[in-house]
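Working through the structure, step by step
What follows is the residue order along each chain.
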Amino acid sequence: MNMRYSLVFFLVLFIGCSRFDPERRLLVEDLRIDVFGTSRELAFTNKNAGFLYTETNAEHNRGWHGWHVMSRKIMDDYLITIDDRELLKSQVHLTQVYPNRVQRAYPIGVQETVTLLDSIDAIVIELSTIKGSAVGLRPLFSGSQNPADYVTRSHGDVILIARKNHLQRTPSADYPVWIGATVIGADRKVSATSVQGGFRVGPALAQAAIVNGVSVAILAAGDTEEQTLERTRFVATRYGDLIQSRKDRMQHLMDRTALRTTDHRLDMAFHWALLSMDALIMQQRKKGIFAGLPWFSNYWGRDSFISLPGATLVQGNFFDAKEILQSFAEWQDVNPASPTFGRIPNLVTPSSISYNTADGTPRFIGALGEYINYSGDTAFARSVYPVVRRAVEGSLKNRIDRNGLLTHGDAETWMDAVGPEGPWSPRGNRANDIQALWYQQLLISSWLAGLADDEKSFREWFSYAEQVRISFNRLFLDRSTNRIYDHLNADNTPDGEFRPNQIFALSLIDDPQIRFNAFKEITAELVYPHGVASVSQNDQNFHPYHHHMPYYVQDAAYHNGIVWTWLAGPWISVATQFGYADTAYFVTQNMIHQILDRGAVGTISELLDAAPREGESEPRLSGTFTQAWSLAEFLRNTYQDYLGVAVDAVENKLELAPHLPASVSDAAFNVAVGAHILRVRYHQSPSEGIIRLSSPAGAPTIDVVATWRLESGIEHNFAYMLAPLTEAELTVKSDGVYVEDANGSRRLQMDIIRAFDPDSSLVPISLAVPVVRPGLKALRGPDHRLLNNEEIKSPNSGATVLYDRTDPKGDDQGPGSFTYPKIAQLRPGSLDITRFTVSADEKRAYFKVQFHTLSDPGWHPEYGFQLTFTGIAIDTDGRAGSGQRTVGRNAQYSLPARHAYEIIVYVGGGIRIEDGKGTVLAEYLPVPGDEANPLGRASSGTLSFAIPFEVIGKPGANWNYAVLVGAQDDHGGAGLGDFRTVGPLPTEWTGGGKRSLRDPNVYDVLLPKP
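Just so it is clear, the structure is predicted and the values come from calculations on it, not from any experiment.

Considerations on the overall build of the protein
The helix and strand tally for the protein stands at 19 helices and 65 strands. Computed over the C-alpha atoms, the radius of gyration of the protein is 31 Å, within 12% of the 30 Å expected from 2.2 N^0.38 for a compact globule of 1010 residues. Principal axes of the C-alpha set define a box for the protein whose edges measure 100 × 80 × 65 Å. Excluding contacts between residues fewer than 6 apart, the proportion of contacts in the protein whose partners are at least 24 apart in sequence is 66%.

In C-alpha cells form, the structure reads like this:
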C-alpha cells in the first residue's frame, strides 16, 4: 500500500471509529432526505388500507398518483391557494422527506408539511410562514371533466364531495365515496365553485383566514356523509396528537432494532427500509402485506412469505407475523374435491382469492417454521397444524410425480407472467426452485408433526423429503457443466435455461464442489453490481430493458432478463456463507444508493433494467416503486447474513456467525429471542474480534453459539451460556476466546479452533458485467409493420364518410344477461357501442367507434382509455362464406357466413390488423408521449384511428363491418390484450351471466345492415 494512501486510509478509519457511538439513539428526524431540483416519487400509508402517492418537486402526472383506499383511487390531488395564488409543487426549491411526513419549501416563502395519519383515512396539510390573508383547499379529481358528475354538500366549515357514480358503489367495492375538506382558521367558509386544470376538476373549495402566518387544511374520507363530516371535524380538533402518535410509532420501531454500525449510510438505509417495509404491513380487512405500490395494494401469498422474516421476525415483531400467518391460514383451500386443495392463496384482494401458484404454500410453511423458531410460539404451531397437514396431503394427493417431485403449471412459479399467447416464461411442470421449496416444506412439516405428536406423519413426510433430495440430485444436475436444470418438462426432458432459480436449489445438492461451482457460475453470469438478472444475457430471449415499446410489451421482459431486486437476498445469503461478504456488500451498497439517492425516497423498487440505456450511467428503475420483498430481503440480509444472527427460541438458542464487510468494523443491535430482547455488539480488527452480550431480567439462560474467523487464518467455534441480567464480553484471539462477565475473566473452554490458509481460502469470483449485444431478437421488433401515433392519428378533415351505423344504448348484455366484472374502474356503459363510422381519403381509412362511455383508470395514459376491447371484422369481397367466421383473441364468437371477414382489426392497448388466416399485417403499440393524442378518449367515449391503404387496401362500396365489444384482458402486462373471459358468476376480473361456457365473451355486437 502506498504510504501516503495508507496514512489517509487509517486517518479516515480512525475518524469514522471515533464517531461511532453504539448507544446513540437514532431518531426519526435523523433520517431526513433532502430533494433539490429533480423530483422523486414518494408514498405514505396509513397502516390500514390507504396510501398517498405523490411527488416531491413535481405535479402529479401519472394515473396512479393520488390518494388510494381499498385498492381504489379516491382523489387525484389537492390544490392549495394563498389569496388565489396556486401553490405548485413544480415550483418547490427544496423538499425535505421524513418517514412520517414531507415538507416542501415554496419560492413565495410558504412551507407545506403533509402527513397521512395512522389508521384513519385523513391527510393533514400544515402551512407556515404564509404571507397573505386567506388559504384555500380544493380537492382534485379525474375521470370526468363535467362538474355535474360530482355531488357537493356544504356544512358551514366543511365541504363534502362525492362522484355520483361512486354513490352506487357495490358492497364488494368497499372504498370511501365521500371526501371532506376544511381549513382551520378564522372566517371559515366553503364554496361549490368548480375549476378545471389539465385533466382534473376541483368541484369545491374550502377557505379560511390566515392567523399569524399559519394555517392547517384537513382532508378526510368516509363511506357516508355523516361519517365523513364527523371524521373531518375530529381530525381538525386532534390533528396534533394524531401526528405525534404516528411519529412515536415509527420511533418505537427504530428503537426496537437499535442498529448502529460504522457505516452511516447503511444505518440510514436500514432504518428507512425498516419503516418503508412496515408501511406496507396493512389491515385491509385482515392483517397482511401489500406486495408493492402503487398497483400491488393487495396481499400476495408468495410475496408475503418471502417478506415475513425481514419484515417482522428479525425485528422481533411477532404480533404482526402471527396475524399475517393466521390470515392466510384462514384463506386456505379446504375443499377436498378441489384441484387446489390444501393450497394457500397466491392473491387476496378486497373481492377475490386466487390459488394459482405452486410456491405460495411451501413458502407459507417455511415462514411458519421461521416464526416458531424466532418466537418460540409452539402453541400456535399446534393450533395451525391442521393447515400444515392439509397443505401436504393436498400435494401428495394431486400434485406429485412418481419421483416424489412437485408438479405445477407453466405459470405457477414466481415467474408467472402470462400474455395473450400464454406464459412468457413457461417453467412447467417441475421447476428447480419449486422442488427445493417442496423439500423444505416436507422437512418443516415433519418437524411440526413431531410437535403435534403425529408420529406417523413425522416419519412419512421425512421419508418423502429424502425421496425428493435423491430424485433432485439424479434428475436436475448437468454434471458436465456443474449447472442445475431450470425445470423438467412434462415429457421429462430437462430445460437448461440459465436462470437465478438455481440459487434456491443449491441447498439440495449433495456434492459441495458442484454446489460451489454452480454458485460461482450464477455469480459470473447473472449477478450484476445492481442486482440479479432473471435470465442470462447470453440467452436468445434476453430482454435488457423492462419497457421498450413498441418492440415488446413490458411483461415479455418481466422474467426474461431484467433485474429483480429481491433476488439479491438469497444470493447474498449464499455468498456470505461461502465467505464473499465484501463482494455481496458491493451489491448491497447499490441498494443503499437507491434507498437514499434515487427513485422513490427511502425505499427499493421492484425491478431495474439489466443494463443502462445508451447515454445513461445507471440502469433505470422499474416496476412498483416500493416493493415489500425487496425491502424485506435487504433487512433480512443485514441481520441473518452480515450480522450472522440465527434464533431458535424453542431451544433458547442464539447463533452468531457474523460476515461483516470490511467497511463495517463495529456493529451494535438488538436481537429478539422469543419475548426477550438481547443487546449484541461486534468489533472486528485484523488481530481480534469482540462480541459483547447483554441479557435482560426475566430472560431464560440463552445458549449462545458463535463462529468468528480472524484474518490471521484462525476460525473459532465456541459456546457461552448467557444468564439473565448478565453482561459479557467475548474476545476472540488466535490462541483462544476470552470471556469477561460477572464471574470474572477467563479463557472459554467450549471452543473449537480450526486453521485455514487466508491467502487461498477464497477462490476469486467476479460479478457479471451487463452487455447489450447487437442484434438481440428482443430489440429488433416484430417482422410485421409497426404503425406509429402520427400515422394512426392522422387528421381526416377531407375524408368522405363511407359507412355509418348506430346501435342502441343499454344492449351490452351479451347473448343473455351478462354482467360486468366487479372491478370498480370499469364504468357502466364502457362495453356498449352506440355508433360506428368509417371514412376515407386518398391514403387512409378512418375509423371512429362511439361508446356509451369509456373508462380510463390512468394506468396507461398513452392509451387514453382502458378495459374495453373491440374487434372490427371487415368483409372486403361481399361474398357470403368466402372469409373467416371465427373471431380470435378469446372472443369465442363465430360470425354468420354472410359476414365472414378477410381482415380484422383488434383494438385494446393498441391496434392489431390481421388477415383472415391470422397473419399480422400491422400493429400499433402506444408509447409514452402518445397521451398527447391518444387512441381513445374516455372524456368523449370515442376510439378514433386511421389505417393506411397499403395495410388493408382501399375500402370499397361493398365492404361491410361487424363490430364486437367486450372487456379487455391485458393479463396485467399491458399491450393489446384479449376479450376478457365471462363466467357464470362475476368476479373482480371476470364478467358473469354465462349460461354455457361455449357462449361468447362478447357484450355488444353491431352487425352490418341486412
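Resuming the write-up.
Section: helix α5 (residues 318–330)
Between its first and last C-alpha, α5 extends 18 Å over 13 residues, near the 18 Å set by a 1.5 Å rise per residue. By the burial criterion, the buried members of α5 are F318, D320, A321, I324, L325, S327, F328 and A329.

Notes on the packing of helix α2 (residues 225–257) against helix α3 (residues 264–278)
For the pair α2 and α3, interaxial distance at closest approach is 10 Å and the crossing angle is 125°. Comparing the axis directions of α2 and α3 gives the class oblique. Like other packed secondary-structure pairs, α2 and α3 cross with a definite hand, here right-handed. Taking contact as the criterion, the partners of R249, M250, L253, M254 and T257 in α2 are, on α3, F270, H271, L274, L275 and D278. Split into classes, the residues belonging to the contact of α2 with α3 amount to 6 nonpolar, 2 polar and 2 charged.

Looking at the packing of aromatic side chains
Both the distance between ring centres and the angle between the ring planes are used here to describe each pair of aromatic rings. Taken as a whole and assessed by the stated rule, the structure comprises 44 aromatic pairs. Seen in terms of ring centroids, W566 and W629 are 4.5 Å apart; in terms of plane orientation they differ by 15°. Their pairing is stacked. Here W566, found in the loop between β36 (563–564) and α14 (568–577), pairs with W629, found in helix α16 (residues 628–642); they are 63 residues apart in sequence, far enough to count as distant. Across the pair, W629 and W566 agree in class, each one buried. Taking 6.1 Å as the distance between ring centres and 25° as the angle between the ring planes, the aromatic pair formed by F869 and Y906 counts as stacked.

A few points about the sheet that holds strand β20 (residues 215–222)
Here 9 strands make up an open sheet; going across it, the order is β1-β8-β9-β10-β11-β20-β15-β14-β13 and the pairing antiparallel. The sheet terminates laterally at β1 (33–36) and β13 (150–154), the two strands that pair on one side only. Strand-to-strand, the axes of this sheet are offset by a mean angle of 15°, without reference to chain direction. Sheet topology note: the β13/strand β14 (residues 159–163) ladder contains 5 bridges and is antiparallel. Residue pairing for β14: R153 is matched across the bridge by L160.

Here we look at the nonpolar core
W67 and W571 are the most contacted members of the largest nonpolar core, which totals 232 residues. L826, V838, I913 and L943 belong to the second largest nonpolar core, which has 46 residues in total.

Regarding the environment of N796
Its location among the elements puts N796 in the loop between α18 (789–792) and β52 (800–806). Taking the C-alpha atoms as reference points, N796 and Y846, separated by 50 residues in sequence, lie 7.2 Å from one another.

A closer look at the packing of helix α9 (residues 432–451) against helix α10 (residues 455–475)
Packing of α9 against α10 leaves a shortest axis separation of 8 Å and a crossing angle of 160°. Here α9 lies roughly antiparallel to α10, going by the angle between them. Here α9 and α10 pass one another in a crossing that is left-handed. Facing N432, Q435, W438, Y439, L442, L443, S445, S446, A449 and G450 of α9, the residues of α10 in contact are S457, F458, W461, F462, Y464, A465, E466, V468, R469 and F472.

Brief notes about the pattern of salt bridges
A full pass over the atoms with the stated rule returns 62 salt bridges. A salt bridge links R469 to E466, with the nearest nitrogen and oxygen atoms 2.8 Å apart. One end of the pair is R469 and the other is E466, both in helix α10 and 3 residues apart, which spans about a single turn. R681 is paired through a salt bridge with D666; the nearest N and O atoms lie 3.8 Å apart. Taken together, the positions of R681 in strand β43 (residues 676–684) and D666 in strand β42 (residues 666–673) put the pair 15 residues apart, joining distant regions of the chain. One salt-bridge network, held together by shared partners, links K47, D118, R246, R249 and D278.

Regarding the confidence of the model for the protein
On average, residues of the protein score 94 in pLDDT, and 97% of them are at 70 or above. Under a pLDDT of 50 for its full length, residues 1–18 has, in the predicted model, 2 contacts with residues more than four places off or in other chains.

What about α3?
With 15 residues, α3 extends 21 Å from end C-alpha to end C-alpha; this agrees with the ideal 21 Å at 1.5 Å per step. Of all 15 residues in α3, 13 are buried, a share of seventy percent or more. The N-cap of α3, judged by a side-chain oxygen 3.2 Å from the amide nitrogen of R265 a few residues on, is D263.

What about the sheet that holds strand β32 (residues 487–488)?
Strand order in the open sheet made by the 3 strands is β29-β32-β33, with antiparallel pairing throughout. The open sheet has two free edges, formed respectively by β29 (430–431) and β33 (494–495), since each of these has just one partner strand. The sheet contact formed by β32 and β33 spans 2 bridges and is antiparallel. By the bridge assignment for β33, H487 is matched with D495.

Concerning the environment of A667
Mapped onto the elements of the fold, A667 is located in strand β42. We classify A667 as buried; its relative accessible area is 0%.

Quick look at the side chain of H408
The residue H408 is located in the loop between α8 (385–398) and β27 (418–419) in this model. Within the structure, H408 has its side chain in polar contact with the backbone nitrogen of A431 (distance 2.8 Å). Contacts of H408, omitting those with residues within four sequence positions, involve A358, T413, R427, G428, N429, R430, A431 and I434.

Examining the pairing of strand β4 (residues 66–69)
Bridge count between strand β3 (residues 50–55) and β4: 4 bridges; the pairing is antiparallel. Across the sheet, the residue bridging to F51 is H68, located in β4. Inspection of the sheet shows β4 paired to strand β5 (residues 72–75) by 3 bridges, in the antiparallel sense. Counted as the bridge partner of V69 is R72 from β5. Between β4 and β5, which pair antiparallel one after the other, the connecting turn spans 2 residues, and M70 there sits at a positive phi close to 50°.

Observations concerning the pairing of strand β47 (residues 727–733)
Relative to β47, strand β44 (residues 689–694) runs antiparallel, the two sharing 6 bridges. Directly across from I691, in β47, lies its bridge partner L730. Relative to strand β48 (residues 736–741), β47 runs antiparallel, the two being bridged by 5 bridges. Counted as the bridge partner of E729 is E740 from β48. Between β47 and the antiparallel strand that follows it, β48, lie 2 residues.

Thoughts on the environment of T349
By secondary structure assignment, the location of T349 is in strand β25 (residues 347–349). The exposure class of T349 is buried, given its relative accessible area of 10%. Not counting residues within four places of it along the chain, the set of residues in contact with T349 comprises N298 and E988. A polar side-chain atom of T349 sits 2.8 Å from a polar atom in the side chain of S352. Among the polar contacts listed, one links the side chain of T349 to the side chain of E988, at a separation of 2.7 Å.

Cut-offs and rules
Numbers given for residues are sequential positions, taken from 1 along each chain in its written order. Local features are withheld for residues below a pLDDT of 70 in this predicted model, meaning they are given only at 70 or higher, and side-chain atom pairs are given and counted only at 80 or more; totals for whole chains, interfaces and linings count all residues. Water and hydrogen atoms were dropped before computing side-chain values, which therefore reflect all heavy atoms in the structure. Numbered from the N terminus, helices here are DSSP runs of H or I no shorter than four residues, and strands are runs of E no shorter than two. In this setup the radius of gyration rests on C-alpha atoms only. A globule is expected at 2.2 Å times the number of residues raised to 0.38. In this description, contact between two residues means that some pair of their heavy atoms is separated by no more than 4.5 Å. One less than the number of residues in a helix, times 1.5 Å, gives the span that helix is expected to have. In this scheme, a residue with accessible area under 20% of its type's maximum is buried, one over 50% is exposed, and one in between is partly exposed, where area comes from a 1.4 Å probe on protein chains only. Axis lines are fitted through C-alpha atoms, for helices just across the contact stretch, and the angle between N-to-C directions can take any value from 0 to 180 degrees. Each angle gets one of four labels, with under 35 degrees taken as roughly parallel, over 145 as roughly antiparallel, 65 to 115 as roughly perpendicular, and the rest as oblique. Rotating anticlockwise by less than a right angle from the far helix to the near helix defines a left-handed crossing, while the corresponding clockwise rotation defines a right-handed one. Any residue outside Ala, Val, Leu, Ile, Met, Phe, Trp, Tyr, Cys, Pro, Asp, Glu, Lys and Arg is labelled polar, Gly included; the first ten of those are nonpolar and the last four are charged. Only the six-membered ring of Trp is used, alongside the rings of Phe and Tyr, when aromatic pairs are assigned; centres must lie within 6.5 Å, and planes under 30 degrees apart are stacked while those over 60 apart are edge-to-face, with the rest tilted. One requirement defines pairing of two strands: DSSP has to find at least two bridges between them. Working definition of a nonpolar core: buried Ala, Val, Leu, Ile, Met, Phe, Trp, Tyr and Cys residues. They are joined through side-chain atoms within 4.5 Å. The term salt bridge refers to a side-chain nitrogen of Lys or Arg lying within 4 Å of a carboxyl oxygen of Asp or Glu. pLDDT expresses how confident the predictor is about each individual residue, on a scale running from 0 to 100. A 3.5 Å cut-off defines polar contacts: any pair of N or O atoms within that distance qualifies, except that in protein one atom must be a possible hydrogen donor and the other a possible acceptor, and neighbouring residues in sequence count only when both atoms are side-chain atoms.

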